[in-house]
Amino acid sequence: MPDLILAIFHHILVFSLFGVLFAELVLVRRGMDLATVSRVSRIDLMYGALAGLIILVGFSRAVFAAKGWTYYAHNIFFHAKIATFVLIGVLSIPPTLDYIRWRRAGTAPSDPQVASVRRLLWIEMALFPALLAFAAAMARGYGELPIH
Ligand code: HEM
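Residues numbered from 1 in each chain as written. Predicted model: local features only at pLDDT ≥ 70, side-chain atom pairs only at ≥ 80, totals over all residues. Heavy atoms only, no water.

1. Side note on the environment of F22
Phase 1: Among the structural elements, F22 can be located in helix α1 (residues 2-27).
Phase 2: Under the relative-accessibility criterion, F22 is labelled partly exposed at 45%.
Phase 3: Separated by 30 residues in the primary sequence, F22 and G52 have C-alpha atoms spaced 18 Å apart. (Helix = DSSP H or I, 4+ residues; strand = E, 2+ residues; numbered from the N terminus. Buried < 20%, exposed > 50% of the residue type's maximum accessible area, 1.4 Å probe, protein only.)

2. As for the packing of helix α2 (residues 34-64) against helix α5 (residues 93-105)
In a pair of packed helices, the angle between the axes and the distance between the axes together describe the arrangement.
Phase 1: As a packed pair, α2 and α5 sit with axes 9 Å apart at the nearest point and diverge in direction by 140°. The pairing of α2 with α5 is recorded here as oblique in orientation. Crossing handedness for the pair α2 and α5: left-handed. Seen from α2, the contacting residues are L34, V37, S38, V40, S41 and D44; seen from α5, they are T96, Y99, W102 and R103.
Phase 2: Residue composition of the contact of α2 with α5, grouped by class: five nonpolar, three polar and two charged. (Axes fitted to C-alpha atoms, helices over the stretch in contact; angles between N-to-C directions. Parallel < 35°, antiparallel > 145°, perpendicular 65-115°, else oblique. Left-handed = near helix turned anticlockwise from the far one by under 90°. Contact = heavy atoms within 4.5 Å. Nonpolar A, V, L, I, M, F, W, Y, C, P; charged D, E, K, R; others polar.)

3. Some remarks on the pattern of salt bridges
Phase 1: Following the criterion strictly, the structure yields three salt bridges and no others.
Phase 2: A salt bridge links D3 to R61; the nearest nitrogen and oxygen atoms lie 3.8 Å apart. You can see D3 sitting in helix α1 and its partner R61 sitting in helix α2, a full 58 residues away along the chain.
Phase 3: A salt bridge links D98 to R101; the shortest N-O distance between them is 2.7 Å. In this pair, D98 and R101 both sit in helix α5, three residues apart, roughly one turn of the helix.
Phase 4: Taking the relative accessible area as the measure of exposure, D98 reaches 15% and is therefore buried. (Salt bridge = Lys/Arg side-chain N within 4 Å of Asp/Glu carboxyl O.)

4. Here we look at the packing of aromatic side chains
Phase 1: In the structure shown here, the tally under the stated rule is eight aromatic pairs.
Phase 2: Arranged with centres 6.2 Å apart and planes meeting at 40°, the rings of F59 and W69 form a pair that is tilted. In this pair, F59 sits in helix α2 while W69 sits in helix α3 (residues 69-73), placing the two residues ten residues apart along the sequence.
Phase 3: Under the relative-accessibility criterion, F59 is labelled partly exposed at 34%.
Phase 4: Geometrically, the ring pair formed by F77 and F134 is stacked, given 6.0 Å between the ring centres and 25° between the ring planes. (Phe/Tyr/Trp six-rings, centres within 6.5 Å; stacked < 30°, edge-to-face > 60°.)

5. A short note on α5
Phase 1: Here α5 spans 18 Å end to end across 13 residues, near enough to the 18 Å set by a 1.5 Å rise per residue.
Phase 2: Three or more residues of α5 are buried, namely P95, D98, Y99 and W102. The buried side chains of α5 occupy one side of the element, clustering within an arc of 100° when seen end-on. Exposed and facing more than 90 degrees away from the buried side of α5 are R101 and R104.
Phase 3: Tucked inside the fold, the buried residues of α5 contact α1, α2, α4 (76-91) and α6 (111-139). (Expected span 1.5 Å × (residues − 1). Arc of directions from axis to C-beta.)

See the structure below:
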């Protein structure tokens, strides 16, 4: 039962994170105005909150529910999944800092500034399918390391 509840929350959270990322890609465009800058900043707060909750719920599943920590600790796809998640998190830092900077400056971003944020958002987006593939593989027992 706890595993089911955590699994439901885990899926809702990861779909929401993808939704937020998609919304940022739609909103961060050449010629975006200041109202859009402040909307993106607000949405980006949700991105941070969702990422934090995913870590909380994800590790709760790994430690207290599902198959137990030892199973995941010895699974290469689990480590690949966490590494990809961390990489997406690191890539999301410069856009967050840019949104704050744009809002504080009170001026709309230039085209090159928008382009550099969009590039990072696209890379985050492109890494998402890998995360899903690693999740499915680890859940099915692929990638078990022989060391115990
Ligand atoms: C955006 C990030 C993440 C995405 C997209 C994601 C996606 C998924 C998906 C789709 C599953 C279901 C796999 C299946 O049953 O076929 C899953 C399961 C799971 N995830 Fe995540 N996840 C993310 C982050 C995390 C994090 C940070 C942790 C931390 C440990 C984690 C731990 C788990 C665990 C323990 C399971 C259960 C696997 C099993 O049934 O054995 N996830 N994840």
